[in-house]
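# Structural characterization, general
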Amino acid sequence: MSFVPPDHPRFLSLMYRERLVEKFKEGVVVAQGLIAHGRGEAFDYILGEQTIPPALEAEKAAAALLKLARKPVISVNGNAAALVPGELVELSKALNAPLEVNLFYRSEERAKRIAELLKAHGAEEVLWRPDQELPGLSSERRRVSSKGIASADVVLVSLEDGDRTEALKRNGKKVIAIDLNPFSRTSLTADITIVDNVIRAIPNITKFVKAMSEREAEEALERFDNARNLREVVKWIKKWLDAKTSELL
Ligand code: ATP
């Protein structure tokens, strides 16, 4: 039973909270994931809960990099699986790239549940039994699949921790990160940082992957500069804060 009336002004945001709580009860999301979502919500609030233009540009560049990759992989954690399971499957099919479950709070049972959730949304193959370790990383996230992250050249991550982003980079991977916090270590380390909610970012990337030619992908990548893009994001946040400040006067 939902307590959220459909005419509530924050209906969508509250529904996503409900979904996370439901998936928490099912053992897909961990309690720490609920807290991480709260941090994301705070950043989303000051972006106006919308895909701002620099984020859309980063989503286009991400689609381009994924499309031109030799072996792209989509890394999935509990929150992402709870929020956008069908959308992740659609992106994986559009790219012909595997979904790999990679968890900080890993248990065999939880990894299996996430894989089952993705399969229930149409995924054909989900990599969830790691058989290798990513050198230079001590958390459970070091455990990767030889068919996925271990042999990938481009890895798409969301709600990530900076340690693994750095380890992926040290191991020669290009990293695309979806992270609402433009100041996180992940955001500062990734090759392409998408400062947007995973809920909006994944469908946007899929749309670009489907629409873009190889030539357009090459051009989009040439134009893209991650540091410049992050500066644009922060300018947007400042602008939003200035507008809100003048409402207080
Ligand atoms: P780092 O180690 O990179 O500095 P952190 O310790 O801040 O990161 P975590 O708490 O591990 O990061 O990860 C949560 C990150 O995911 C936060 O930066 C948060 O803003 C972001 N986040 C949470 N929910 C979403 C969401 N729905 N879409 C995109 N990003 C999100």
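Residues numbered from 1 in each chain as written. Predicted model: local features only at pLDDT ≥ 70, side-chain atom pairs only at ≥ 80, totals over all residues. Heavy atoms only, no water.

## Here's the deal with the site of the ligand
Using the following cut-off: Summary of the distance rule: residues count as near a molecule or strand when at least one heavy atom falls within 4 Å of that molecule or strand. In the analysis that follows, any N or O atom pair within 3.5 Å is treated as a polar contact, provided that within protein one partner can donate a hydrogen and the other can accept it, and provided that, for residues neighboring in sequence, both atoms belong to side chains. The Shrake-Rupley method, run with a 1.4 Å probe, gives the accessible areas here. Residue values count only the displayed protein chains as cover. Numbering of helices and strands runs from the N terminus, with a helix taken as a DSSP run of H or I at least four residues long and a strand as a DSSP run of E at least two residues long.
Within the structure, the ligand sits among 18 residues, and Arg39, Gly162, Asp179, Thr186 and Asn197 are positioned closest to it. Arg39 is positioned such that a nitrogen or oxygen atom in its side chain is 2.3 Å from an oxygen atom of the ligand. Coverage of the ligand by the protein amounts to 85% of the 640 Å² it exposes when considered alone. Secondary-structure elements contributing two or more residues to the shell around the ligand are helix H2 (31-45) and helix H8 (185-189). Ranked by the residues each element gives to the shell around the ligand, the list is headed by H2, at four residues.

## As for the pattern of salt bridges
Convention followed: One speaks of a salt bridge when a side-chain nitrogen belonging to Lys or Arg is within 4 Å of a carboxyl oxygen belonging to Asp or Glu.
Under the definition given, this model contains 23 salt bridges. For Lys210, the salt bridge is made with Glu90, and the minimal N-O distance between the two is 2.7 Å. Here Lys210 is found in helix H9 (residues 198-211), whereas its partner Glu90 is found in helix H5 (residues 85-95), with 120 residues between them in sequence. Close ionic contact of Asp163 with Arg185 constitutes a salt bridge, the shortest N to O distance being 2.8 Å. Here Asp163, found in helix H7 (residues 162-170), pairs with Arg185, found in helix H8; they are 22 residues apart in sequence, far enough to count as distant. Look at the salt bridges and you will find they share partners, linking Glu133, Glu140, Arg142 and Arg143 into a network.

## Let's talk about the packing of aromatic side chains
For clarity, the cut-off: Within 6.5 Å between ring centres, the rings of Phe, Tyr and Trp (the latter by its six-membered ring) count as paired, and their orientation is classed by plane angle as stacked under 30 degrees, edge-to-face over 60, tilted in between. Buried, partly exposed and exposed residues are distinguished by accessible area as a fraction of the type maximum, computed with a 1.4 Å probe on protein chains only: under 20%, between the cut-offs, and over 50%, respectively. Over a ring means this: the NZ of a Lys or the CZ of an Arg is within 6 Å of the ring centre and within 35 degrees of the ring normal.
Here the structure, examined in full by the defined rule, presents two aromatic pairs. Considering the side-chain rings of Phe104 and Tyr105, the 5.0 Å spacing of their centres and the 70° angle between planes classify their relative orientation as edge-to-face. Residue classification places Tyr105 among the partly exposed residues on the basis of a relative accessible area of 40%. The residue whose ring lies beneath Lys239 is Trp236, and the NZ or CZ to ring-centre distance is 4.0 Å.

## Focus: the pairing of strand E7 (residues 174-178)
As a reminder, the rule being used: Think of it this way: DSSP has to see at least two bridges between two strands before they count as a pair.
The buried fraction of E7 is high, at four of five residues. Across five bridges, the pairing between strand E6 (residues 154-158) and E7 is parallel. Note that in E7 the partner of Leu156 across the bridge is Ile176. Note: E7 against strand E8 (residues 192-194), three bridges, orientation parallel. Bridge pairing in E8 places Ile176 opposite Ile192.

## Brief notes about helix H6 (residues 108-120)
Side chains three or four residues apart in an α-helix point the same way, a direct result of the helix having 3.6 residues per turn. Definition in use: Each helix should span, by expectation, one fewer than its residue count multiplied by 1.5 Å. What the arc describes is the spread of directions from the helix axis to the C-beta atoms. Residue contacts follow a heavy-atom distance rule, with two residues in contact if any of their heavy atoms lie within 4.5 Å.
The end-to-end C-alpha separation of H6 is 18 Å, in line with the 18 Å expected for 13 residues at 1.5 Å each. Along H6, the residues that are buried comprise Arg110, Ala111, Ile114, Ala115, Leu117 and Leu118. Angularly, the buried residues of H6 cover 155° about the axis, an arc narrow enough to put them on a single face. On its buried face, H6 is in contact with helix H1 (11-25), strand E1 (72-76), helix H4 (78-83), H5, strand E2 (99-101) and strand E3 (126-127). Gly122 sits one or two residues past H6 and shows a positive phi near 105°.

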